[in-house]
Amino acid sequence: MAASLKLPLVPASFFGMVLGLSGLANAWRVGTRIWQLPGVVGEVLTFVSLAVWLVLIVLYLLKWAMAREEALKEVAHPVLCCFIGLIGVATMLVAGGLLPYSRVGAETIFLAGAVYTLAFSVWRTGGLWQGGRDIAATTAVLYLPSVAGSFVTAIVATALGFPQWAQLFFGAGFFAWLAIESALLHRLLTGPALPPALRPTLGIQLAPPVVGALAYIGVLQGPADILVHAMIGYGVLQALILIRLLPWITEEGFSPAYWAFSFGATALAAAPMRLIERGESGPIAQLAPILFVAANIVVGLIALATIWLIVNRKLVIGWVELKDRDAGAIGRG
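The rules behind each value
Residues numbered from 1 in each chain as written. Predicted model: local features only at pLDDT ≥ 70, side-chain atom pairs only at ≥ 80, totals over all residues. Heavy atoms only, no water. UniProt positions renumbered as here; feature names shortened; annotations may be inferred. Phe/Tyr/Trp six-rings, centres within 6.5 Å; stacked < 30°, edge-to-face > 60°. Helix = DSSP H or I, 4+ residues; strand = E, 2+ residues; numbered from the N terminus. Buried < 20%, exposed > 50% of the residue type's maximum accessible area, 1.4 Å probe, protein only. Core = buried A, V, L, I, M, F, W, Y, C linked by side-chain atoms within 4.5 Å. Contact = heavy atoms within 4.5 Å. Patch = residues over 30% accessible without salt bridge, like charges linked within 9 Å, V, L, I, M, F, W, Y side chains within 5 Å. Areas by Shrake-Rupley, 256 points an atom, 1.4 Å probe, with all protein chains shown as cover. Salt bridge = Lys/Arg side-chain N within 4 Å of Asp/Glu carboxyl O. 1 Å grid on protein atoms, 1.4 Å probe; cavity = no way out; pocket = protein on both sides within 12 Å on 5 of 7 lines; lining within 4 Å. Points joined across faces, edges and corners; volume = space filled by probe spheres on them. Nonpolar A, V, L, I, M, F, W, Y, C, P; charged D, E, K, R; others polar. Axes fitted to C-alpha atoms, helices over the stretch in contact; angles between N-to-C directions. Left-handed = near helix turned anticlockwise from the far one by under 90°.

- Naming follows an unreviewed UniProt entry, where the protein chain appears as Tellurite resistance protein of Rhizobium lusitanum.
- Turning to the protein chain, the UniProt annotation filed under Subcellular location (unreviewed entry) states: "Membrane".

This is the structure we're talking about:
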């Protein structure tokens, strides 16, 4: 009798988990330096994010090998396709987390993630420029290929010692953010209301100003200036608006889509903490511990809810059956 194994059809959006976990790990590492928080927490979170990334990479590759039609449907989807860009972003963040342990490994993984991210951003943005989209498909996921990808490339490139490359990618992300922000707000203000299933994607709206602030802090020489303060301030405004919208956003209940809130929440915490490292005081220093606690609560609650879905086998929307002959074919390939 032929043996078989059922594998989950992992959507690319699940890589948002790596962003949230890596972002929180980075915040804890900074907290260890400025507040003497336990260093083990940041390191454990780093390796948890690495483990999640490895599992998702394997499952996503198997999805392409065993359920190519489903994978191609995701690529063709006007909203879900943008999440594919998270694969490269997550890969670069994992590389940054590994830097204290292996520079060669970190540089190798980063280069793979950066090349993938840039290639996907160019491909996806080129498709968007051709028009023909339904305005209802215009959501915050549009930030992921070019804005998130460029900002994270800048952040990790700075950590690896490539500040001039980081400046170029910061510029790419910054101006892409401003352009997409105007189009997205026009859609939200004048278009139809987001359907309940897409409302959690609004959590991505928090990320550009604060992830951009982290990228800018990395390339900034000397003390903080008004731009980084302005970006953090705009991030706080976005967070408050999202809190006001939570009853509307959560009408349909929890799903893994809520990881969209995690990267922005952790970056909003980490940016002021990075400024404290440079001697910042005043409102930034006063906000930092509040935002750090809030980020831990956000990621903790989303992680617990995700674990509950896993335990109850409600995390994925489909499965593919991997038979013994398929496993052999993969091994030979």
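Details of the packing of aromatic side chains
1) Next: Taken as a whole and judged by the stated rule, the model has 14 aromatic pairs.
2) Next: With centroids separated by 5.1 Å and ring planes inclined at 65 degrees, the aromatic side chains of Phe-47 and Tyr-101 adopt a geometry described as edge-to-face. Taken together, the positions of Phe-47 in helix H2 (residues 39-66) and Tyr-101 in the loop between helix H4 (86-98) and helix H5 (103-129) put the pair 54 residues apart, joining distant regions of the chain.
3) Next: Since its relative accessible area comes to 38%, Phe-47 is described here as partly exposed.
4) Next: Among the residues examined, Tyr-101 registers a relative accessible area of 46% and is labelled partly exposed.
5) Next: Both rings, one in Tyr-258 and one in Phe-261, keep their centres 6.0 Å apart while their planes meet at 10 degrees; by these two values the pair is stacked.

Overview of unusual backbone geometry
Trans is the prevailing form of peptide bonds, just as negative phi is the prevailing case for residues other than glycine.
1) Next: Positive phi values are uncommon outside glycine, yet Gln-36 reaches one of about 60 degrees.
2) Next: Within the secondary structure layout, Gln-36 lies in the loop between helix H1 (16-35) and H2.
3) Next: Look at Arg-313: it is not a glycine, yet its phi comes out positive at around 55 degrees.
4) Next: For Arg-313, the position within the fold is in the loop between helix H11 (283-311) and strand E2 (319-323).
5) Next: Owing to a relative accessible area of 74%, Arg-313 belongs among the exposed residues under this scheme.

Looking at the nonpolar core
1) Next: With 107 residues, the main nonpolar core has Phe-15, Phe-110, Tyr-143, Val-152, Phe-170 and Ile-204 as its most contacted residues.
2) Next: Of the residues forming this core, the biggest block, 11 residues, is contributed by helix H10 (residues 260-277).
3) Next: Beyond its immediate sequence surroundings of up to four residues, Phe-170 is in contact with Phe-151, Ala-154, Gly-212, Ala-215, Tyr-216 and Met-231.

With respect to the environment of Thr-32
1) Next: Here Thr-32 lies in helix H1.
2) Next: Its relative accessible area of 26% is what places Thr-32 among the partly exposed residues.
3) Next: When the C-alpha atoms of Thr-32 and Arg-278 are compared, they prove to be 15 Å apart, with 246 residues separating the residues in sequence.
4) Next: Residues within four places of Thr-32 in sequence aside, it is in contact with Leu-37, Pro-38 and Gly-39.

A look at a nonpolar patch on the surface
1) Next: A surface patch of nonpolar side chains, about 600 Å² in accessible area, is lined by Val-293, Ile-297, Leu-301, Leu-304, Ile-307 and Val-311.
2) Next: Summarising the element assignment, Leu-304 is placed in helix H11.
3) Next: Its relative accessible area of 57% is what places Leu-304 among the exposed residues.

Overview of the layout of surface pockets
1) Next: Considered as a void within the structure, the largest pocket measures approximately 930 Å³ in volume.
2) Next: What lines the largest pocket is a set of 46 residues, among which Pro-11, Ser-13, Leu-80, Phe-83 and Ala-257 lie closest to the centre.
3) Next: Where the lining of the largest pocket is concerned, the elements lending two or more residues are H1, helix H3 (68-76), helix H6 (143-159), helix H8 (207-219) and H10.
4) Next: Sort the elements by how many residues they give to the lining of the largest pocket and H6 lands first, with 5 residues.
5) Next: Class assignment for the residues of the lining of the largest pocket results in 34 nonpolar, 6 polar and 6 charged.

Observations regarding the packing of H1 against H11
1) Next: Axis separation between H1 and H11 bottoms out at 11 Å; the angle between their running directions is 145 degrees. Judged by the sense of rotation from one axis to the other, the crossing of H1 with H11 is left-handed. Contact residues: H1 offers Met-17, Gly-20, Leu-21, Leu-24, Ala-27, Trp-28 and Trp-35, while H11 offers Ala-288, Pro-289, Phe-292, Ala-295, Asn-296, Val-299 and Thr-306.
2) Next: Partitioning the contact of H1 with H11 into residue classes produces 11 nonpolar, 3 polar and no charged.

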